Amino acid sequence: MERTLAIIKPDAVERNIIGEIVKAIEGEGLVISAMKMLHLTKKQAEGFYYVHKDKPFFDSLTDYMSSGPIVVMVLSGENVIERWRKLMGATDPAKAEEGTIRKRFGLNIERNSVHGSDSPESAKYEISYFFNALEIVR
Ligand code: CDP
Ligand code: MG
């Protein structure tokens, strides 16, 4: 059993498609073990995405991620990091496979509706960024 951090990003919350995304997650057999809604400050978004601090898109990305509410979730299951990345689709919605969340709902390479950890190490950092042990209930 593995855990990963998933985020429904501001573009998706704003368009009232939280339910569509949760439905896709549950439909794939991924278990939601923790969930809450937050509105990050710019500083909190920068801390979350610190690995990208030297990228040209960092300032715009952290503005966007702090522009409105997000839903953060811990997902659990066998191989869940890879399974959630596959269900999300490629970073650029234009390049994402048919049926993936980013293909269905993503607006552009920045406003791509969802986030998923990319490794066990990043999952550990990202889960602990938002949740303490008492909040992870399944
Ligand atoms: O989210 P993912 O792991 O697929 O991509 P990333 O390379 O870790 O980038 C993190 C986030 O930065 C993406 O999900 C996009 O929201 C944003 N991004 C961007 O705005 N422009 C890029 N050229 C690449 C990523
Ligand atoms: Mg990433």
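Everything below is about the structure printed above this text.
I will try to describe carefully the structure that is included in this document. (Residues numbered from 1 in each chain as written. Chains lettered and ligands numbered in written order. Predicted model: local features only at pLDDT ≥ 70, side-chain atom pairs only at ≥ 80, totals over all residues. Heavy atoms only, no water.)

Observations concerning the layout of surface pockets
Quick note on the threshold: Only protein atoms enter the 1 Å grid used here. Points where a 1.4 Å probe fits but cannot escape make up a cavity, open sets with protein on both sides within 12 Å along at least five of seven lines make up a pocket, and a residue lines them when an atom lies within 4 Å of a point. Grid points are joined across faces, edges and corners, and a volume is the space filled by probe spheres set on the points. Following the grouping adopted for this structure description, the nonpolar residues are Ala, Val, Leu, Ile, Met, Phe, Trp, Tyr, Cys and Pro, the charged ones are Asp, Glu, Lys and Arg, and the polar ones are all others, Gly among them.
Here the largest pocket is characterised by a volume of approximately 550 Å³. Lining the largest pocket are 22 residues, with Y49, H52, F57, L61 and H115 sitting closest to its centre. Residue composition of the lining of the largest pocket, grouped by class: nine nonpolar, seven polar and six charged.

Focus: a nonpolar patch on the surface
Which entries qualify depends on this criterion: The patch calculation keeps residues exceeding 30% relative accessible area without a salt bridge and links them within 9 Å when they carry like charges or within 5 Å when they are nonpolar (Val, Leu, Ile, Met, Phe, Trp, Tyr). Surface accessibility follows the Shrake-Rupley procedure with a 1.4 Å probe radius. Residue values consider only the protein chains on display as shielding. By salt bridge we mean one thing: a side-chain nitrogen of Lys or Arg within 4 Å of a carboxyl oxygen of Asp or Glu. Working definition: helices are DSSP H or I runs of at least four residues, strands are E runs of at least two. Numbering for both runs from the N terminus.
The grouping of Y50, V51, Y125 and Y129 at the surface amounts to a nonpolar patch, some 370 Å² of accessible area in total. Residue placement: Y125 occurs in helix α7 (residues 120-130).

Details of helix α4 (residues 58-65)
Condition: Note on classification: 1.4 Å probe, protein chains only; a residue is buried when its accessible area is under 20% of the maximum for its type, exposed when over 50%, partly exposed between these limits. Throughout, the arc means that of the directions going from the helix axis to the C-beta atoms. The contact rule is simple, with two residues in contact once any of their heavy atoms fall within 4.5 Å.
Among all positions in α4, only F58, L61, T62, Y64 and M65 are buried. Here the buried residues of α4 occupy an arc of 160° about the axis, which is enough to place them on one side. In this structure, the buried side of α4 is in contact with β1 (2-8), α1 (10-14), α3 (42-48) and β3 (70-77).

Scope: geometric values only; no functional claims are made or implied.
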